[in-house]
Amino acid sequence: MTDEEFRAEVRGWLEANLGGDFADVVGAGGPGHEHEAHERRMAWERRLGEAGWIGLGWPVEHGGRGLSLVQQVIFHEECARAGAPGRLGHMSEQLVGPTLLAFGTPEQRARLLPGILSGEVLWCQGYSEPGAGSDLAGVRTRAVRRGDQYEITGQKVWTSLAHLADWCFVLARTDPAESRHRGLSYLLVPMDQPGIEIRPITQITGTSEFNEVFFDGAVTAVDNRIGAEGEGWKVAMATLAFERGVATLGQQVGFERELSAVVELARSTGALDDPELRTRVTEAWIGLKVLRYSAIHTMAAAGVPGVEGSISKLQWAVWHRDLGELAVDVAGSGALVTDGPPYELTDAQRLFLYTRSDTIYGGTNEVQRNIIAERLLGLPR
Amino acid sequence: MDDPMRATEQREMRATVAKFLDDNADIRTAMALDPGYDKDLWRRTVDELGLAALLVPERCGGLGMDFGDAAVVIEEFGRRLVPSPSLTTLVACAVLDQCGADDLLARIGEDGLSVSIALADREPTTVDQGRITGSKQHVIHGADVDVLLVVAGDDLYTVDTTSVVRRRRVALDHTRALAEIDLTDVPATLIGPAAVVTDLLHVALAAESAAAAETCLADTVEYLKVRHQFGKPIGSFQALKHRCADLAVLVAGARATAWYAVRAVGTDELASVAPLAKVVCTDALMAVAAESVQLHGGIGFTFEHDAHLYLKRAKANQHLFGTNSLLRGKIGESL
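Residues numbered from 1 in each chain as written. Chains lettered and ligands numbered in written order. Predicted model: local features only at pLDDT ≥ 70, side-chain atom pairs only at ≥ 80, totals over all residues. Heavy atoms only, no water.

J.: Help me get a handle on the overall build of chain A, residues and values and all.
T.: Summing up its helical and strand segments, chain A has 11 helices and eight strands in all. Along the first, second and third principal axes, the C-alpha atoms of chain A reach 70 × 50 × 45 Å. Out of the 381 residues belonging to chain A, those deemed buried represent 54%. When the accessible area of chain A is evaluated, it comes to approximately 16200 Å², of which 53% is carbon and sulfur surface. (Helix = DSSP H or I, 4+ residues; strand = E, 2+ residues; numbered from the N terminus. Buried < 20%, exposed > 50% of the residue type's maximum accessible area, 1.4 Å probe, protein only. Areas by Shrake-Rupley, 256 points an atom, 1.4 Å probe, with all protein chains shown as cover.)

J.: Quick rundown of unusual backbone geometry? Include the residues and the values.
T.: Cis geometry marks the peptide bond from P341 of chain A to P342 of chain A, where omega comes out at 0°. Assignment of secondary structure puts P342 of chain A in the loop between α9 (308-331) and α10 (347-354). Phi is positive for R180 of chain A, which is not a glycine, with a value near 55°. Position of R180 of chain A among the secondary structure elements: in the loop between β4 (167-173) and β5 (184-190). Its identity as a non-glycine residue notwithstanding, H138 of chain B has a phi of 60°, on the positive side.

J.: Lay out the environment of Q315 of chain A with the relevant residues and their values.
T.: Residue and element names in this part refer to chain A. Turning to its location among the elements, Q315 is positioned in helix α9. A residue is classified by how much of its surface remains accessible, and Q315, at 14% relative accessible area, is buried. As for Q315 and G287, which are separated by 28 residues in sequence, their C-alpha atoms are 9.1 Å apart.

J.: So what's going on with the interface of chain A and chain B? Which residues, and what values?
T.: Across the contact, 32 residues belong to chain A and 31 residues belong to chain B. In this assembly, chain A packs against chain B so that about 2900 Å² is buried in total across both faces, 74% of it on carbon and sulfur atoms. The tally of links from chain A across to chain B stands at three salt bridges. Contributing elements (two or more residues each) for the side of chain A that touches chain B: α8 (275-300), α9 and α11 (365-376) of chain A. Tallying contributions element by element places α8 of chain A first for the side of chain A that touches chain B, with 15 residues. For the side of chain A that touches chain B, the per-class residue count stands at 17 nonpolar, six polar and nine charged. (Contact = heavy atoms within 4.5 Å. Buried area = accessible area lost by both parts, 1.4 Å probe. Salt bridge = Lys/Arg side-chain N within 4 Å of Asp/Glu carboxyl O. Nonpolar A, V, L, I, M, F, W, Y, C, P; charged D, E, K, R; others polar.)

J.: How would you explain the pairing of strand β2 (residues 121-128) of chain B if you had to name every residue and give the values?
T.: All names here are of chain B. Pairing of β2 with strand β3 (residues 131-140), which is carried by five bridges, proceeds in the antiparallel orientation. Along β3, the bridge assignment pairs D128 with R131. Where β2 hands over to β3, the hairpin turn is made up of two residues, of which Q129 adopts a positive phi near 50°. (Pairing = 2+ DSSP bridges.)

J.: Lay out the nonpolar core in plain terms, naming residues and giving numbers.
T.: Ranked by size, the top nonpolar core spans 113 residues in total, and within it F67, V91, L149 and L200 of chain B carry the most contacts. Take this core: its biggest share by element is 16 residues, from helix α7 (residues 195-226) of chain B. Apart from the residues lying within four places of it in its own chain, the contact partners of F67 of chain B are L55, V91, A94, L200, V203, V262 and V265 of chain B. With 54 residues, the next largest nonpolar core counts C79, M91, L184 and L188 of chain A among its residues. (Core = buried A, V, L, I, M, F, W, Y, C linked by side-chain atoms within 4.5 Å.)

J.: Residue-level account of the domain arrangement of chain A, with values.
T.: Size of an interface, as often reported, equals the accessible area lost when the parts are brought together. Residues and elements named next belong to chain A. Under the domain assignment, chain A is made up of domain 1 (3-88), domain 2 (123-230) and domain 3 (244-376). The C-alpha-based centres of domain 2 and domain 3 are spaced at 31 Å. Of the residues lining the interface, four residues belong to domain 2; the matching set on domain 3 comes to seven residues. Together, the buried faces of domain 2 and domain 3 total about 410 Å²; carbon and sulfur atoms form 71% of this surface. Linking domain 2 to domain 3 there are zero salt bridges. Where domain 2 packs against domain 3, one counts zero residue pairs in polar contact (both at pLDDT 80 or more). Split by residue class, the side of domain 2 that touches domain 3 holds one nonpolar, three polar and no charged. (Domains from an automatic or database assignment. Polar contact = N/O pair within 3.5 Å; in protein donor to acceptor, adjacent residues only side chain to side chain.)

J.: Now, about helix α7 (residues 252-269) of chain A: what can you tell me, with residues and values included?
T.: All names here are of chain A. Across its 18 residues, α7 extends 25 Å between first and last C-alpha, which sits within 8% of the 26 Å expected from 1.5 Å per residue. Within α7, the full set of buried residues consists of Q252, V253, G254, F255, E258, L259, V262, V263 and A266. Its buried side turned inward, α7 meets α3 (69-82), α8, α9 and α10. At the exit of α7 stands G270, carrying a positive phi of roughly 85°. (Expected span 1.5 Å × (residues − 1).)

J.: Describe the packing of helix α9 (residues 270-295) of chain B against helix α10 (residues 307-319) of chain B, naming the residues involved and giving the relevant values.
T.: Residue and element names in this part refer to chain B. It is at 8 Å that the axes of α9 and α10 come closest, and there the two elements cross at 155°. Classed by the angle they form, the pair α9 and α10 counts as roughly antiparallel. Remark: the crossing between α9 and α10 carries left-handed chirality. On the side of α9, the interface is formed by K278, T282, D283, L285, M286, A289, A290, S292 and V293, while α10 contributes A307, H308, Y310, L311, R313, A314, K315, N317, Q318 and H319. Split by residue class, the contact of α9 with α10 holds nine nonpolar, six polar and four charged. (Axes fitted to C-alpha atoms, helices over the stretch in contact; angles between N-to-C directions. Parallel < 35°, antiparallel > 145°, perpendicular 65-115°, else oblique. Left-handed = near helix turned anticlockwise from the far one by under 90°.)

J.: So what's going on with the packing of aromatic side chains? Which residues, and what values?
T.: This structure, assessed with the given rule, holds 14 aromatic pairs over all chains. Aromatic pair W53 of chain A and F75 of chain A: ring centres 5.3 Å apart, planes at 15°, arrangement stacked. Within this pair, whereas W53 of chain A is found in the loop between α2 (38-50) and α3, its partner F75 of chain A is found in helix α3, the two being separated by 22 residues in sequence. Ring geometry for Y293 of chain A and Y260 of chain B: centres 4.1 Å apart, planes at 15°, overall stacked. (Phe/Tyr/Trp six-rings, centres within 6.5 Å; stacked < 30°, edge-to-face > 60°.)

J.: Break down the pattern of salt bridges for me, citing the residues and quoting the values.
T.: All names here are of chain B. Applying the stated rule across the entire model yields 62 salt bridges over all chains. One salt bridge in this structure joins R122 and D182, with 3.5 Å as the shortest N-O distance. One end of the pair, R122, is in strand β2; the other, D182, is in strand β7 (residues 178-193), and 60 residues separate them in sequence. R122 sits in the partly exposed class, given a relative accessible area of 35%.

J.: So what's going on with the pairing of β5 of chain A? Residues and values would help.
T.: Residue and element names in this part refer to chain A. The buried fraction of β5 amounts to six of the seven residues, a majority that puts the element mostly inside the structure. Across seven bridges, β4 lies against β5 in antiparallel orientation. The residue bridging F169 from the neighbouring strand is L188, located in β5. The pairing of β5 with strand β8 (residues 225-226) spans two bridges and is antiparallel. Paired with L187 across the two strands is R225, which belongs to β8.

J.: Describe the packing of helix α1 (residues 3-18) of chain A against α3 of chain A, naming the residues involved and giving the relevant values.
T.: All names here are of chain A. The N-to-C vectors of α1 and α3 enclose an angle of 35°; their axes lie 9 Å apart at closest approach. Here the hand of the crossing between α1 and α3 comes out right-handed. Residue-level inspection shows D3, F6, R7, V10, R11, L14 and L18 of α1 in contact with α3, the latter providing V70, Q71, I74, F75, E77, E78, C79, R81 and A82. When its residues are assigned to classes, the contact of α1 with α3 shows nine nonpolar, one polar and six charged.

Given below as structure tokens:
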């Protein structure tokens, strides 16, 4: 199938489904709305799974469709264009799936991949801790082996969707004698058990999408460890590389829509007549083109992004954060008040606040700069 | 997705041009010569690389290559700041091809003629009954090239170089001589519409600037690895690392943008992509070159070190063929 035929197929399917059963969730769950309409968005995940739109880049023998990078991006672009709801299954599909494909045993793949592909099983990420953010090797959550189980004690933080997820992939210390990168293991932990407590964290947007997760003697089977005991760091690093991979290549379409809204807002408030704001709007537009050309360039090079993924992350995160600030600036003094209680934000205000997370999650700008400087430019540590 | 065969051909071509320039181009000597470039080197690029015939179509006896190939040459000259009329000659050939100026193309290819394009007005330029009167400025190597194309009004002409007055100016950028050209009732031959000239010059400057930025950053990073202070390489300090990382992001964006613009040549997208690419890539070069001077410390302020050559080329490229602030304003108007 050519890329354009594939695009037509995706577009047709999205029109039929978002125009029909799922018309109520068009535009739901996008940036700044990630706390909304969870039940309906889970249903959307299942619909995607039924139709075979999950695991597009996975090998066919593991239930994927083995599509090219370009076609995967086309799918993400068309979803954004059609206003498909924000994905709840992105960590399942983009992080856990590829990790299982790279490091899982045949038994683990057979047991866990189908739930991801069908959109029925939701995953969350248990990496960060209060004392281990950018310095992830400082993880202190303990996992003690008892027979064929691990008992887990500790605390994770910034865990998106923990309150909805069926499983969490947890980086835990299995060998307390070892420090830093050694002695860590990568464990898959079922969320529905008495040893786990989840407390939502209210974000600067006033809403809540991420959580603290407390493990107090939570258990998981030894069979749910990915990779060897003590090899968790290697697996976790690979997962982070997936995070900076394919999914972001298709997001320009969503960015384009946000920028168009900012331009419209600027027109309506008269901000376009202000030379400084006009220059900033122009810069944003030029920056978006550069993001687009960069994505196309990366795809033409036909490689799955490696260290270049850090360049892309830094590039779009800064652009998006600046767009958020531009949005409230073109809104003018109207941005001083919200739409009402409890803290109902306008689109511009929401973009301004939400995009502050872009330069932090998935590796802060500062960590990305370290990676680029050391691994791409080869500067000494 | 790029055709793998073409990609391989271009990779080989890039390696050939790079080796030729590394072996033969001496920038310091060339920029000190009277014309501001090495005419013997130009002759050899014509004879050994087929530079003048590169974009001359096969129907005119040339090599019939496309702008993507020309961009490879422009990038390799550009990243080394080799003084040469190659950029303007290649752009001129692409324009002449579009205008069907076969006789002139054949001569350029056959005789290995160098070409430049007079765009910016020094004084208003008018055309009356096939004769041009006015004055042009900032014409790249304009005092020394064999063929001059002149933009007047909405059209492109060629004039006899012996019937104009050419003045070489001492340029801010030592590696690219600039000339003023006075035209007084000079007979001119109409080539065609001038519309695409500026776009192609913008794309060429974008490709050159992105490549120069890449090399300038690589040179700077190498210096940070070997220069020791406080008992360690200064490239191990996070303050410097982070600045280099930000530059790497700029360079990656510039390279992608130039790459896209080169592929837009001959499409409807060219008119919108070309000025944007010029702004993005020349600004990236300026940012990298400015940081390069700073990160080199005192040595970066010496004439002996090449950092200032990149700085000067960057500033020149930002200004040439429409300043970036002007182009940015036009891009803003199109929103």
